[in-house]
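What the coordinates show
Chain by chain, the residues run as shown.
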Amino acid sequence: MSDAATQKWICIICGFVYDEAAGLPQHGIPPGTRFETFPEDWTCPECGSAKSSFEVMTE
Amino acid sequence: MSAAAKLDDRLEIDLGIFNPMAPEFIRDPGETWRRLVLEYPVAFHRDMGMWVVSSHELCLKMMMDLRFSPNFRHWEYAPPEKTEAEKDDYDITMDHSLFTVSPQQHLRLRKLTMPAFARHVMSKINERIRGLIVDCFEAIGAPDEFDAYATIAANLPARAIARMVGVPPEDEIIFIKFSNSVVKATRINLSPEERAEAQHDSLEGYAYLRRAIAERRARPFPSDDFLAALVTAGEADDRLGDWDILAVVMALIAAGADTAVDLHTYVLQGLLSHPEQYRLLQERPALQENAIIEALRQGSPGKLPIFRFATDDIEFGGQTIRKGQAILVNLAAAWRDPQKWQDPDKLDITRNLEGHIVFGAGPHFCIGTYLVRAQGGIMLEEFIRRFPHAELARGDGDLAYDYEHHNARRIVRLNVRTNVGAAIRHAA
């Protein structure tokens, strides 16, 4: 259930998808949090890859 | 050993502390791993001629550090680079390998191939391998006992990848030989002669796959197998070449063929030797993926899991690792690190596994992770459906290991008592 203003981001190393609409509540990231606002040292919760490994997901 | 290395005041271990080929270690590695993790988290193994990194924290740190390369060619004892004229298909594919190319090129390859590997496309792959797994269980039938290694673990993984890639059943034998040989060809714990033999053995498979790729390219319409997906993968004008595709298939094999043999045996051994956990999984099937990862973590099948090679002199964990030296990233020990996991030797399928490194971490995170999870998941579903009252025969399933296996604590016998007849009598 994402609204038009939010995006999904995919880690191109492991395929983990961050859905801005859903956030990552279990990691303290509330729904609606923009990927761009993550700190630069943020890493993929699945594989530990750098933030730069993520790209906007097109479905 | 170089004179420079001798000058280093380094922490050293030897085969008396860690002998990965010793039968007693292979049968019961827990104490050795615990000692490595707590007393020698990074130490030079003077008998093996390489560093061994064993704690969770340092294994994770090393996998995230690009100065430690998976590229075998950075090794101080790597064979000399061949000229272009001397290279065979194996060598050329290695030039394009995910372990060999630059970090930028590696990201490009992972990006272009992601559509074929991501979790959200695994449902298609599930269907492709489900039939294979069901056939495997149909062949087992409903005996009183069967050997889960011979019937499931040795039977499924390479064939599952063959099926995924699009290799027809009649050609599976070529693919399985190819799969075994490409894994062995870069293992630094094997002799140069063994590596050369494995490389030679792989050539028939390369020729086969090159023909298969050409055939996919010639088709007027793309088909839905993995090779065809890779042929058409790309963005704008950026497409994968034949060698890139072969490199990706090679990575898939390295990640998901031989290693998945241990996935099947260790998951079944873990669950059946903890009957309360096996029952719990039947009551709560949503725990399946967690159960698979936890059984791998706790069973920890690795013997010599993965290697890295220092591309410079690097201070690491209080030690100085010299350029060109090899490092065993001892993930098997790290998975049981008591500093990371409470009761690390305990199997608990409800365990919070956040931060686990069962599939590695960082840029070279296991490319086949969702494939092997899917394969393990379908296998478990079928196993539980058919044998809900199964137990290990005679306590330990007549457990036997291949003590000579080059990188795994390979289980080669795991007899399962199905109790199918008992269940039917009970129901009556």
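Preceding block: the structure.
All of these numbers come straight from a predicted model, not from anything done at the bench.

Another point: the overall build of chain B. Looking only at helices and strands, chain B features 19 helices and 15 strands. Radius of gyration (C-alpha) of chain B: 22 Å, near the 22 Å computed for a compact globule of 428 residues. Overall, the C-alpha framework of chain B stretches about 75 × 60 × 35 Å when taken along its three principal axes. Every one of the 428 residues in chain B was classed for burial, and the buried ones make up 56%. A separation of at least 24 residues holds for 74% of the contacts in chain B among residues at least 6 apart in sequence. Roughly 18200 Å² of accessible area belongs to chain B as shown, and the carbon and sulfur atoms make up 51% of that amount. Within chain B, one finds 50 positive and 62 negative side-chain charges whose respective centroids are separated by 3 Å.

All names here are of chain B. Burial along strand β3 (residues 50-53) is two-sided: the face carrying M50 and V52 and the face carrying W51 and V53 are both buried. Bridge count between strand β2 (residues 42-45) and β3: four bridges; the pairing is antiparallel. Bridge pairing in β3 links F44 to W51. Taking the residues that link successive antiparallel strands as the turn, the β2-β3 hairpin has four residues, and the phi of G49 there is positive, at about 65°. As paired elements, β3 and strand β11 (residues 326-329) share three bridges and run parallel to each other. Looking across to β11, one finds that W51 is bridged to I327.

Moving on: the environment of H356 of chain B. Residues and elements named next belong to chain B. Positionally, H356 belongs in the loop between α17 (331-334) and α18 (369-386). The sequence separation of H356 and I293 amounts to 63 residues, and the corresponding C-alpha distance is 8.8 Å. The contact partners of H356, leaving out residues within four places of it in the chain, are I293 and W341. Among the polar contacts made by the side chain of H356, one reaches the main-chain amide nitrogen of V358 at a distance of 3.0 Å.

This part covers the packing of aromatic side chains. All names here are of chain A. In total, this model carries 25 aromatic pairs over all chains according to the counting rule given. A connected cluster of aromatic rings, assembled from ring pairs, spans W9, Y18, F35, F38, W42 and F54. A cation sits over an aromatic face here: K51 above F35, 5.5 Å from the ring centre.

With that out of the way, let us pick up helix α11 (residues 192-218) of chain B. All names here are of chain B. With 27 residues, α11 should cover 39 Å at 1.5 Å per step; its first-to-last C-alpha distance of 39 Å lies within 8% of that length. Of all bends in α11, the biggest is about 30°, found at L203. Buried within α11 are the following residues: R195, A198, Q199, S202, G205, Y206, Y208, L209, A212, I213 and R216. Against α5 (89-95), α9 (157-165), α10 (172-184), α12 (226-232) and α13 (242-256) lie the buried residues of α11.

We now examine the sheet that holds strand β2 (residues 17-19) of chain A. Residue and element names in this part refer to chain A. Taken together, three strands build an open sheet; the order of strands is β2-β1-β3 and the sheet is antiparallel. Edge strands, defined here as strands with exactly one partner in the open sheet, are β2 and β3 (54-56). Sheet twist, expressed as the average angle between the axes of neighbouring strands with direction ignored, equals 25°. Pairing of strand β1 (residues 8-11) with β2 involves three bridges; the strand directions are antiparallel. If you follow I10 over to β2, its bridge partner there is V17.

What counts and how
Starting from 1, residues in each chain are numbered consecutively following that chain's sequence as written. Chain A is the first chain written and ligand 1 is the first ligand written, with later ones labelled in order. Owing to the predicted nature of the model, reporting of local features is limited to residues with pLDDT of at least 70; listing and counting of side-chain atom pairs is limited to 80 or more, with chain, interface and lining totals taken over all residues. Side-chain metrics rest on all non-hydrogen atoms present in the structure, leaving aside hydrogens and water. A run of H or I in DSSP becomes a helix once it reaches four residues, and a run of E becomes a strand once it reaches two; helices and strands are each numbered from the N terminus. Only C-alpha atoms enter the radius of gyration; for comparison, a globular chain is expected to reach 2.2 Å times N to the power 0.38, where N is the number of residues. Working definition: with a 1.4 Å probe on protein chains only, accessible area under 20% of the residue-type maximum means buried, over 50% means exposed, and in between means partly exposed. In what follows, residue pairs with any heavy atoms lying within 4.5 Å of each other are defined as contacts. Only the protein chains shown count as covering a residue, and every accessible area follows the Shrake-Rupley method with a 1.4 Å probe. The convention is simple: Lys and Arg are positive, Asp and Glu are negative, and His and the chain ends are not counted. Charge placement uses NZ in Lys and CZ in Arg. For Asp and Glu, CG and CD serve respectively. Only strands that DSSP links by at least two bridges are regarded as paired with each other. Counted as a polar contact is a pair of N or O atoms within 3.5 Å, where, for protein atoms, one must be capable of donating a hydrogen and the other of accepting one, and residues adjacent in sequence contribute only when both atoms are in side chains. Stacked, edge-to-face and tilted are the three classes for Phe, Tyr and Trp ring pairs, Trp counted by its six-membered ring, which pair at centre distances within 6.5 Å; planes under 30 degrees apart are stacked, over 60 edge-to-face, the rest tilted. The rule for a charge over a ring is simple: NZ of Lys or CZ of Arg within 6 Å of the ring centre, and within 35 degrees of the ring normal. By definition here, a helix of n residues has an expected span of 1.5 Å times n minus one. The reported bend at a residue is simply the angle between two axes, fitted to the 7 residues ending at it and to the 7 residues beginning with it. In this analysis, axes come from line fits to C-alpha atoms, helices being fitted only over the stretch in contact, and the angle between any two N-to-C directions falls in the range 0 to 180 degrees.

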